Amino acid sequence: MAEMTKKERVNAVLEGKEPDKVPVFPFILTQGVYECGWKLPDITTQTDSDAEKCAQTVIKTLEEYDYDLALGSYMDCFYGVVPLGGTLHIPDKFGGVVSAAQYPVVNRSDWTQVKKKLPLDPWKEPRMAATLKATKMVSDQIGKDTPIAALWWPGPTAAMLMLRGPEPIIMDMIEEPDFATELLQAGNQFAIDYIRAQYQAGANSVCILGDVVGVELIPPDMCERFVLPYVAEIADMVMKEFGQKTWLHVHGNFTKPDTYPLIEKFIKEGHVHGFYLDEKHSAQWLKDNIIDKYHVPVSISIHGPNLNSWSLDEIDNFVKDGLAYAAPGGGVMVTPSCEIPSDVPKENFHKWVDSTHKYGTYPISR
Amino acid sequence: MFDFGELQQAIILGKGPLATELTQKAINEECVPKDILNQGLIAGMDVVGVKFKNGEYYLPQVLLAARAMKAAVVLLHPLIVSAGIQPIGTLVLGTVKGDLHDVGKNLVAMLFQGAGFNVIDLGVDVSSEKFVEAVRENKPDILGMSSLLTTSMREMQDVIQALQEAGLRDKVKIMVGGAPITQQFADKIGADAYALEGGTAVEMAKAMVN
Ligand code: B1M
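Residues numbered from 1 in each chain as written. Chains lettered and ligands numbered in written order. Predicted model: local features only at pLDDT ≥ 70, side-chain atom pairs only at ≥ 80, totals over all residues. Heavy atoms only, no water.

J.: Explanation requested: the overall build of chain A in the structure shown.
T.: Tallying secondary structure elements over chain A gives 16 helices and nine strands in all. Relative to the compact-globule value of 21 Å for 366 residues, chain A shows a C-alpha radius of gyration of 19 Å, a close match. If one aligns the C-alpha atoms of chain A with their principal axes, the spans along those axes are about 60 × 45 × 40 Å. Looking at chain A as a whole, 62% of its 366 residues are labelled buried. Contacts in chain A between residues at least 24 apart in sequence constitute 77% of all its contacts with a sequence separation of at least 6. In the structure as shown, chain A presents an accessible area of about 13,100 Å², 51% of it carried by carbon and sulfur atoms. (Helix = DSSP H or I, 4+ residues; strand = E, 2+ residues; numbered from the N terminus. Rg over C-alpha atoms; globule rule 2.2 N^0.38 Å. Buried < 20%, exposed > 50% of the residue type's maximum accessible area, 1.4 Å probe, protein only. Contact = heavy atoms within 4.5 Å. Areas by Shrake-Rupley, 256 points an atom, 1.4 Å probe, with all protein chains shown as cover.)

See the structure below:
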C-alpha cells in the first residue's frame with residue numbers, strides 16, 4: 001500500500017478502514033514539557049501560559065517520536081479554576097502535573113457567586129488563550145499533513161475538574177441531582193466553548209473527549225444519566241459545526257454485564273464514532289466486542305505505568321500481539337491509558353511508537 | 001427486641017435518616033452501645049466493603065453508607081465515650097507527596113472508620129516529614145499510604161526511610177495501596193502489607209491489630 005500522510009492514515013482509521021499503518025496517538029500533555037527540558041513553572045503560572053512554549057511541546061515531541069495524531073498545544077486539566085476563584089498547584093519537581101489546590105465551589109452555596117463569572121471566553125482567559133495561540137502556531141507549521149485533535153472533558157469531568165472535585169460532585173448527583181445537573185451543564189458549555197475555539201484555532205481532526213467519571217466512579221445507571229447526554233451534546237456540535245468525529249476516552253471497566261450495554265448507548269445516543277477505553281480492555285476484547293460487533297473503531301491502550309516499567313521486549317510483544325489480533329480489517333489506533341506518563345523513559349516511548357508502525361503495517365493477518 | 005438487622009440494612013442501603021432513627025431507637029431501648037456499634041453499624045459497613053470488593057457497589061453507594069454511619073455515630077458518640085469503648089486500632093493515613101488523588105484514600109478511610117478504627121487522615125500530597133510527625137504524635141498501630149501515580153509511588157520508600165531514621169519504623173506497621181502498587185513493590189520498599197482494595201485493607205488491618 002502507498003504511504004499515506006498522517007492525516008490520511010488517521011482518517012482511514014476514523015472511517016473504520018485499513019490505513020497504510022496503524023497510527024499512534026500518544027496523548028501528550030505534561031510529558032511534552034519535560035521532553036523540552038522545562039519544568040511546569042517555566043511554561044505556566046496561575047494566570048498565564050507561554051504560548052510559544054506550549055506549541056514547542058508539540059513540535060519537539062513530534063520530531064522526536066514521529067507519532068501520528070497530535071494535540072495543538074500543551075494543556076493541563078484545570079482551565080477555568082483560577083478565573084472562577086480557585087487556585088492551582090503547579091509543582092516545580094520533575095514529573096509533577098498541574099492540579100487544583102482549591103476548587104471554586106467548596107460549598108453548594110458558593111455556586112451562586114461562581115456562576116455569575118460564567119461563561120468564560122477561552123480566547124480571553126490567558127491560560128487558555130495561550131493554548132489556542134499555540135494551536136494556531138502548530139497548525140501553521142504542521143497542520144497541512146498532520147492531524148490535530150481537539151480535546152476536552154464532557155460535563156461531569158469538566159465540572160469535577162473546574163468547579164468542585166470528585167466526591168462533592170458525586171454527592172451532588174445523588175443528593176441534589178438538579179443542582180448537579182446545573183453544574184454539569186455549565187461544565188459542558190465550558191467544554192463546548194473550548195473545543196469550538198480549538199477548531200477555530202487550527203485543530204483539524206477528531207475530537208477526543210476524556211471522561212474520568214465513566215463507570216470508574218459511578219454506576220452504569222448514573223453514567224447513563226450524568227455522562228451520556230453531555231457526550232452527545234458535544235459530539236453533535238463537533239459534527240455539525242466542524243464535520244469532525246468524536247472519540248470517547250471514558251474510564252472504567254466496560255467488559256461487565258452491567259456496563260457493556262453502555263457502549264451501544266454511547267454509539268446510538270451519545271453519537272460517538274470511536275472508543276479510547278482504558279487499559280482494562282484488551283485488544284481481543286475490543287476487536288470482538290466493539291469493532292466486530294458495532295463496526296466502530298477503537299484504540300488499543302497500553303497502561304501508562306507499564307509503558308514506564310516494562311522492558312523493551314515486553315512493550316514490543318504487547319504491541320505485536322494486540323495488533324495481530326485487532327488490526328486486521330482496520331479501525332485501530334494505539335493510545336496510552338491515560339495520557340503518556342510524564343516520566344516515561346525515552347527508549348520505551350520510541351519502542352512503543354516504532355513497534356506499532358512495524359507490526360501495524362498493512363496488510364496484517366492474524 | 002431491637003432488630004440489629006434492620007439497622008445494618010439502613011447502613012448497607014445508605015439510608016442516613018433511617019440509620020439515625022434506628023440508632024436512636026436502639027439507644028431508647030437501652031441496647032448496649034457496643035452492640036449497636038458492632039452488630040448494627042460496623043456489621044453493615046462490613047457488608048458494604050464486601051459489596052464494593054465484589055464490584056457490586058460503586059463509589060456512590062459507599063459514600064452514602066459512610067455518611068449514614070457517620071450520622072449514626074454522632075448520636076452514639078457520648079455513650080461510646082462513657083462506656084469506655086476503644087477503637088480497635090488507630091490508622092494514620094495519607095496520599096503521598098506529589099499525588100492529589102484522594103477518592104480511594106478517602107474510601108479506605110471510610111471503610112476503616114466503619115470497621116471501628118480511629119482514622120487520622122493527613123490528606124493528600126503528604127511529605128515524609130508530615131508522616132513521621134504524625135506517627136510520633138499519634139502512635140498509630142498502622143501507617144497507611146496511598147498512591148495512584150507511578151511518579152509519586154516512590155515517595156513511599158522515602159517515608160519508610162524517614163521513619164527508620166527517626167527510630168520509629170519498628171513502632172508501626174506500614175500498609176500501602178493504590179492502583180500502581182503491587183505486592184512486589186510493597187516487599188521491595190519494606191512495607192508490612194499491601195492491599196489491592198479497601199475491603200481487603202480493612203481485613204488485613206484487623207488481623208494486624210489482633
Ligand atoms: C493504606 O492502604 C491502602 C490500601 C488500599 C488502597 C489505598 C491505600 N489507596 C487506594 N487503595 C485501594 O483501595 C481503594 C478502594 O478500593 C482503591 O483506590 P483507587 O483510587 O484505586 O479507586 C478509587 C475508589 C476510584 N478511582 C479513582 O479515584 C481514580 C480514577 C482515575 C480515573 C483518576 C481520577 C479520578 C483522577 N485523576 Co488520575 N485518575 C486515574 C484513575 C484511573 C484508575 N484506573 O485508577 C489515574 C490514577 N490518574 C492518572 C493520571 C496520569 C493523572 N491523574 C490526575 C488527575 C486526576 C483527576 C483530578 C482528574 C482525578 C482525581 C480526583 C481526586 N481528587 O482523586 C493527574 C495527576 C494529579 C496529581 N498530581 O495527583 C494525572 C497525572 C493526569 C493529569 N495530566 O493531570 C493515571 C496514573 C498513571 C500513572 N502513570 O501513574 C491513572 C491510572 C489513569 C490512567 N489510566 O492512566 C484501591 O487502589
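This is not the end of the story, as more comes after the structure.
J.: Before we go on, may I ask you to explain the interface of chain B and chain A in this structure?
T.: Accessible area lost when the parts come together is the quantity often used to give the size of an interface. Counting from both sides, the interface comprises 18 residues of chain B and, opposite them, 23 residues of chain A. For the pair chain B and chain A, the two sides together bury roughly 1,600 Å², of which 63% comes from carbon and sulfur. The largest per-residue losses of area from chain B upon contact with chain A belong to Y58, P60 and L63 of chain B, which jointly make up 33% of the total buried on that side. Linking chain B with chain A are three salt bridges, by the criterion used here. The shortest N-O distance in the salt bridge between D343 of chain A and R154 of chain B comes to 3.3 Å. Between chain B and chain A we count seven residue pairs in polar contact (both at pLDDT 80 or more) in total. When contributions to the side of chain B that touches chain A are tallied by element, the ones reaching two or more residues are α4 (59–82), α5 (103–114) and α7 (150–153) of chain B. Top element by residues in the side of chain B that touches chain A is α4 of chain B. It accounts for six residues. (Buried area = accessible area lost by both parts, 1.4 Å probe. Salt bridge = Lys/Arg side-chain N within 4 Å of Asp/Glu carboxyl O. Polar contact = N/O pair within 3.5 Å; in protein donor to acceptor, adjacent residues only side chain to side chain.)

J.: Looking at this model, I keep getting lost on the coordination of the cobalt atom of the ligand. Mind explaining?
T.: Put simply, the ideal angle at a metal is 109.5 degrees for four donors in tetrahedral geometry and 90 or 180 degrees for six donors in octahedral geometry. The sole protein-derived ligand of the cobalt atom of the ligand is H101 of chain B (NE2), positioned 2.2 Å away. Here H101 of chain B is to be found in the loop between β1 (89–95) and α5. (Donors = N, O, S within 2.8 Å, 3.2 Å for Na, K, Ca; no water.)

J.: Just checking my understanding: could you explain the nonpolar core for this structure?
T.: A general trend in soluble globular proteins is that nonpolar side chains are found buried together. Within the largest apolar cluster, 183 residues are counted, with the highest numbers of intra-cluster contacts made by W152, I195, F266, F275 and W352 of chain A together with F112 of chain B. Take this core: its biggest share by element is 13 residues, from helix α9 (residues 177–201) of chain A. The residue makeup of this core includes at least three contributed by each of domain 1 (4–83) and domain 2 (89–209) of chain B. Other than its neighbours up to four places away in sequence, W352 of chain A contacts V24, F25, P26, I302, L307, I315, V319, V334, T335, P336 and I340 of chain A. (Core = buried A, V, L, I, M, F, W, Y, C linked by side-chain atoms within 4.5 Å. Domains from an automatic or database assignment.)

J.: Is there a simple way to think about the pattern of salt bridges in this case?
T.: Pairing is possible between side chains of opposite charge, provided their charged atoms come close. Counted according to the given criterion, the structure contains 31 salt bridges over all chains. For D66 of chain A, the salt bridge goes to K6 of chain A, with nearest N and O atoms at 2.7 Å. Of this pair, D66 of chain A sits in the loop between α4 (51–65) and β1 (70–71) while K6 of chain A sits in helix α1 (residues 6–14), placing them 60 residues apart in sequence. A relative accessible area of 44% means that D66 of chain A is categorised as partly exposed. K6 of chain A gets classed as buried once you look at its relative accessible area, which sits at 16%. Overlapping salt bridges, with partners in common, bring together R108, R164, D172 and E175 of chain A together with R67 of chain B in one network.

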